[in-house]
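Given next are the chains, with one letter for each unit.
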Amino acid sequence: MSRFVRPETNKLDLSDDDWLLVKRRLTAGEQRRAFARHVKTMRQGERAEIDPEAIGLGLMVQYLVDWSLVDDTGRVVLIRDQPTSVVEAALTSLDPSSFAEIYDAINGHVERQRLELDAEKKSRDTGSKLSAISGSAG
Amino acid sequence: MSVVNGTSARIRWGYRSAAVLGKWTMTVDAPAPGDRPRPVSRVLVSSELVEYDTLALAQSGLELVAPVADRPPDRWPTWPVLALVHNGRELRAELGPKKGASLHVAIRAAGNQ
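Residues numbered from 1 in each chain as written. Chains lettered and ligands numbered in written order. Predicted model: local features only at pLDDT ≥ 70, side-chain atom pairs only at ≥ 80, totals over all residues.

Peer 1: Please clarify how the interface of chain A and chain B should be interpreted in this entry.
Peer 2: When the parts of a complex come together, some accessible area is lost, and that lost area is often used as the size of the interface. Counting residues at the interface gives 11 residues for chain A and seven residues for chain B. In terms of residue class, the side of chain A that touches chain B is built from five nonpolar, one polar and five charged. (Contact = placed C-beta atoms within 7 Å. Nonpolar A, V, L, I, M, F, W, Y, C, P; charged D, E, K, R; others polar.)

Peer 1: Would you mind going over the pairing of strand β2 (residues 19-23) of chain A with me for this structure?
Peer 2: Two faces belong to every sheet, and in a regular strand the side chains alternate between them. All names here are of chain A. Relative to β2, strand β1 (residues 9-13) runs antiparallel, the two sharing five bridges. Note that in β2 the partner of threonine 9 across the bridge is lysine 23. The sheet contact formed by β2 and strand β5 (residues 64-67) spans three bridges and is antiparallel. Counterpart to leucine 21 in the pairing with β5 is aspartate 66. (Pairing = 2+ DSSP bridges. Helix = DSSP H or I, 4+ residues; strand = E, 2+ residues; numbered from the N terminus.)

Peer 1: Sorry if this is basic, but what is going on with the sheet that holds β2 of chain A here?
Peer 2: Strand pairs in the sheet, formed through backbone hydrogen bonds, run parallel or antiparallel to each other. All names here are of chain A. Spatial ordering of the open sheet is given by β1-β2-β5, a layout of three strands whose pairing is antiparallel. Among the strands making up the open sheet, the edge pair consists of β1 and β5. On average, each strand axis in the sheet is tilted by 25° relative to the strand beside it, whichever way the strands run. (Axes fitted to C-alpha atoms, helices over the stretch in contact; angles between N-to-C directions.)

Peer 1: I tried to follow the nonpolar core on my own but got confused; where do I start?
Peer 2: Across soluble globular proteins, you tend to see nonpolar side chains buried next to one another. Residues and elements named next belong to chain B. Counting 22 residues, the largest nonpolar core has Ile11, Val45, Leu64 and Leu95 as the members making the most contacts within it. Listed by contribution, the elements that provide at least two residues to this core are β2 (9-13), β3 (16-29), β4 (42-52), β5 (62-65), β6 (78-86) and β7 (90-95). At five residues, the largest contribution of residues to this core is made by β3. If we skip the residues at most four places from it in the chain, isoleucine 11 touches Ala18, Ala19, Leu21, Leu57, Leu62, Glu63, Leu64 and Val81. (Core = buried A, V, L, I, M, F, W, Y, C linked by C-beta atoms within 7 Å. Buried ≥ 20, exposed ≤ 12 C-beta atoms within 10 Å, placed from the backbone.)

Structural data, given as structure tokens:
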């Protein structure tokens, strides 16, 4: 199994028939960018200073690929292939309950992926232990 | 055989950008009647390679997407990439049958001749 992240997506349903298209997993680079987004300052030997306005935003921006959300004219607000700043501006322009719904949907997805990866890792570890045992028994 | 030109395109691996293309030329070689075993058009593209991701460009399941100014990205014409070679500056690829919108509309809207 490759250690590289394949660019696969999951569709997450929201209320009112809206949806989000999110990355199934982040790459190391995307994860680091998500983390870096909410760190204001970080000096050696000191606690990192967090930007409270950015908490969660970095992760949402890194996961979001596309969505069905429309503006007042009924046109989809374009986020696909847009720079991070555009996606972030679109997210922060949402009403707070919509923002919270998207935040919860993405966090739920992150948690499900974490559990799935943990289960995969356990099953791989069990498999390699069993093959080591059968190898030494033979 | 028909030839179309474009000013920009992108090769994708899933949602990820595998390459950004500059000026490109596409030749569509329609099959001759009774032309077997190739019953579909042969589409070749050659292009400037503006930037690329080595890992992504080496994967299978790539697609070439030609942006159209007045259309949302999910309606941009898209071709599966069957094979490609590049030298870091130029890229040549063989494409499968187009998915998505009309090529003629795409070329006009992209400001190509």
